[in-house]
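Residue-level structural notes
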Amino acid sequence: MVRFKNRYLLCELVLEKDCLVYPIEQKEVYYVVRQAIERCHGDYGAGVTQGGMNVKYLNVYTKTVLIRVRREYYKLLWSSIPFIKSIGRQKLFFHSLHIGGTIRSCQKFLVKYGQQQLAVLLQKCKTQEERKAVQRATIHCTWLKGRNFENVKHNEDDDFSD
């Protein structure tokens, strides 16, 4: 049996209008990325990436997105990303952060990057509820002492502040 090798492209959504949360769904990101590939590389690009492309992760607080594509065609995706100018009515662009061979390598990079960006995000929060929501969203994509936090349940009164 042959295994399909993939590449994972980790991107940050940079919004023109700076807002804390932009409600967006994975299927919207998938649709816009697919349109960009079709515009740049035609029917060939759309056809070869259609079966293996998937949006694996989207965080609306940190504005990060993880897109999986087959290894042979990741350059088609990578070269199409700069041509995305908006999703819906929101003007934005994709900033490529990392390309990895596994989700785990992208997650390790995201942990390091998230630590750098957490201070910036917390300064933009206006209320304590927003602050806790941002901290929870960041914790859900990180590890602590080898434990995956996707399986950890949080109480409503958890205090993540120092």
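Here the structure is shown first, and the text comes after it.
What counts, and at which threshold
- Residues numbered from 1 in each chain as written.
- Predicted model: local features only at pLDDT ≥ 70, side-chain atom pairs only at ≥ 80, totals over all residues.
- Heavy atoms only, no water.
- Helix = DSSP H or I, 4+ residues; strand = E, 2+ residues; numbered from the N terminus.
- Buried < 20%, exposed > 50% of the residue type's maximum accessible area, 1.4 Å probe, protein only.
- Contact = heavy atoms within 4.5 Å.
- Core = buried A, V, L, I, M, F, W, Y, C linked by side-chain atoms within 4.5 Å.
- Expected span 1.5 Å × (residues − 1).
- Bend = angle between axes of the 7 residues up to and from the residue.

As a further point, take the overall build of the protein. When helices and strands are counted, the protein shows four helices and seven strands. Ordered by position from N to C terminus, the α and β elements of the protein give β-α-β-β-α-β-β-α-α-β-β. A buried classification covers 38% of the 162 residues belonging to the protein. By sequence separation, contacts in the protein at least 24 residues apart represent 69% of the contacts at least 6 residues apart.

Turning our attention to the nonpolar core. One recurring pattern in soluble globular proteins: nonpolar side chains tend to sit buried together. Counting residues in hydrophobic clusters, the biggest one holds 23 residues, and the most contacted among them are V29, V33, V65, L77 and F94. Mapped onto this core, the elements with two or more residues apiece are β1 (6-15), α1 (26-50), β2 (54-59), β3 (64-70) and β5 (90-100). Within the second largest apolar cluster, seven residues are counted, among which are L10, L97, C106 and Y113.

In this section: α1. Across its 25 residues, α1 extends only 15 Å between first and last C-alpha, which sits more than 12% below the 36 Å expected from 1.5 Å per residue. Along α1, the largest kink reaches about 135° and is centred on H41. Residues of α1 that are buried in the fold lie against β2, β3, α2 (74-80), β4 (86-87) and β5.

Shape is all these values report; function is a separate question.
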